[in-house]
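# A closer look at the structure
In case you want the letters, here they are:
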Amino acid sequence: MSEIVEGPWLDGDAGRLVRPYTVSDGRTKPSAHFDLLTLVMATGTRPHSYLGPDHSHVLGLCGGPLSVAEIAAHIRQPAMVAKVLLSDLVDCGAITARAPERAPLGSDPTDRDLLEAVLDGLRKRL
Amino acid sequence: MGSVNDSDLFPTALKILIAGGFGVGKTTLVSSVSEIEPLSTEELLTQVSVATDDLEGVEKKTTTTVAMDFGRITLSADHVLYLFGTPGQERFWFMWDELSAGALGAVVLADTRRLEQCFAAVDFFERRGIGFIVAVNQFDGGYHYDPEEVRAAIDLKPDIPVVLCDARQSHSGTQVLVSLVQHLIDSRSQHVIDVI
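The notes below deal with the structure included here. (Residues numbered from 1 in each chain as written. Chains lettered and ligands numbered in written order. Predicted model: local features only at pLDDT ≥ 70, side-chain atom pairs only at ≥ 80, totals over all residues.)

## A short note on the overall build of chain B
Each helix and strand counted, chain B has 5 helices and 7 strands in total. Taken from the N to the C terminus, the helices and strands of chain B come in the order β-α-β-β-β-α-β-α-β-α-β-α. Buried positions account for 40% of the 196 residues belonging to chain B. (Helix = DSSP H or I, 4+ residues; strand = E, 2+ residues; numbered from the N terminus. Buried ≥ 20, exposed ≤ 12 C-beta atoms within 10 Å, placed from the backbone.)

## As for the overall build of chain A
If you tally the helices and strands in chain A, you get 4 helices and 3 strands. Along its sequence from the N terminus, chain A presents helices and strands in the succession β-α-β-α-α-β-α. Across the 126 residues of chain A, 37% fall into the buried class. Taking the contacts inside chain A whose residues are at least 6 apart along the sequence as the reference set, 72% of them involve residues at least 24 apart. (Contact = placed C-beta atoms within 7 Å.)

## Brief notes about helix α1 (residues 53-61) of chain A
Residues and elements named next belong to chain A. Residues of α1 that are buried include every one of Asp 54, Val 58 and Leu 59, and no others. Down the axis of α1, the smallest arc covering the buried residues is 135°, so these residues share one side. Facing away from the buried side of α1 by more than 90 degrees, the exposed set consists of Pro 53, Ser 56 and Gly 60. The inward-facing, buried residues of α1 contact β1 (39-42), α2 (68-74), α3 (79-91) and β3 (95-98). (Arc of directions from axis to C-beta.)

## Observations concerning the sheet that holds β3(A)
All names here are of chain A. The 3 strands are arranged β2-β1-β3 in an open sheet whose pairing can be described as antiparallel. Every interior strand has two partners, whereas the edge strands, β2 (66-67) and β3, have only one. Relative to β2, β1 runs antiparallel, the two sharing 2 bridges. Across the sheet, residue Leu 39 finds its bridge partner in β2, namely Ser 67. (Pairing = 2+ DSSP bridges.)

## A short note on helix α3 (residues 119-128) of chain B
All names here are of chain B. Among the residues making up α3, those that are buried are Ala 121, Val 122, Phe 124 and Phe 125. For α3, the arc enclosing every buried residue in end-on projection is 165°, short of the 170-degree limit, so these residues lie on one face. Those residues of α3 that are exposed and aimed more than 90 degrees away from the buried face are Asp 123 and Arg 127. Buried residues along α3 sit in contact with β1 (12-20), α2 (96-100), β5 (105-110), β6 (132-137) and α4 (147-154).

## Re the pairing of β1(A)
Pairing of β1(A) with β3(A) involves 4 bridges; the strand directions are antiparallel. Each bridged residue has a counterpart across the sheet, and for Leu39(A) the counterpart in β3(A) is Arg98(A).

## A closer look at the nonpolar core
Among the nonpolar cores identified, the biggest contains 78 residues, and Val68(A), Leu86(A), Ile16(B), Ala106(B), Val107(B), Val108(B) and Leu109(B) are the most heavily contacted of them. Here the element with the most residues in this core is α3(A); it accounts for 9 residues. Filtering out sequence-adjacent residues up to four positions away, Leu86(A) remains in contact with Pro30(A), Phe34(A), Val40(A), Val58(A), Val68(A), Ile71(A) and Ile95(A). (Core = buried A, V, L, I, M, F, W, Y, C linked by C-beta atoms within 7 Å.)

## Overview of the environment of Ala79(A)
Secondary-structure assignment places Ala79(A) in helix α3. By C-beta crowding, Ala79(A) is classed as buried, having 22 other C-beta atoms within 10 Å. Sequence separation between Ala79(A) and Leu36(A) is 43 residues; the distance between their C-alpha atoms is 7.3 Å. Here Ala79(A) is in contact with Leu36(A), Val68(A), Ala69(A), Ala72(A), Thr41(B), Glu42(B) and Glu43(B), once residues within four sequence places are set aside.

## A look at the packing of α1(A) against α3(A)
All names here are of chain A. Packing of α1 against α3 leaves a shortest axis separation of 10 Å and a crossing angle of 80°. Taken together, the axes of α1 and α3 are roughly perpendicular relative to one another. Of α3, the residues touching α1 (which contributes Asp 54, His 55, Val 58 and Leu 59) are Leu 85, Leu 86, Asp 88 and Leu 89. Among the residues forming the contact of α1 with α3, the class breakdown is 5 nonpolar, 1 polar and 2 charged. (Axes fitted to C-alpha atoms, helices over the stretch in contact; angles between N-to-C directions. Parallel < 35°, antiparallel > 145°, perpendicular 65-115°, else oblique. Nonpolar A, V, L, I, M, F, W, Y, C, P; charged D, E, K, R; others polar.)

None of the figures reported here should be taken as evidence of function without further support.
Have a look at this one:
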């Protein structure tokens, strides 16, 4: 929590200028299922219809594969707002998405090759 | 799901959870091993709670907004690992269900001065059958315990590794993740042997 300061609130201190779900036209549910770790990337296809500034902003972030969580953090909006905007972009063909790997939980064996690949990748960083 | 035709272009996104009590160094650990500045996102999570009104007697679903810190490690062209710090406040324990879905495993970060703070996380991962290790964050000025003393104090099963670390150091933090993944591989092999 930031301290209470005298004087006007400026920039980030003033909070959001626009209420969060205004950006998503009041919608709180995306048209497709997105996980925080769903990866998205621009297809290079520009949609025929006009994209608003928020959609354009999100599309601009999708140059390389990026997770929904990262997009949400970059546009400083709740993850659900990012998901709504991203689902619009998927619907108009501007981006493509891939769901995250689901590691089986419980007694189901986790993919050994996958774990070995993760271990190799981590060891290279030591 | 939308278009998945170009899935070859995408790496596989994986998730490891960093759990533990408030102020134990979860965000420090995430930031020391992450290749990006740790980011924060808010997610609306569903909590199933028993109604407080006895006359009603049904389960109610309520939603809560929780902020999560996370970082990223690109392991290779094919694999990207995301590290999510779970909110430390105990009243948010319910959200781990959604957060833990699909996680490879978890690191329970512990502070020996407040060891009881990690009990909730240990309990949760044991019950859910999610592979985890305990990493003791060595704070300056704190008494340095032997890992076996910590194991006894938490009443941890013998097969769960306890490692010591300095969450501020990238090398040490990465070593913790290596220990976790090695443990996941070992316990998987053990499981296969048990089945045979």
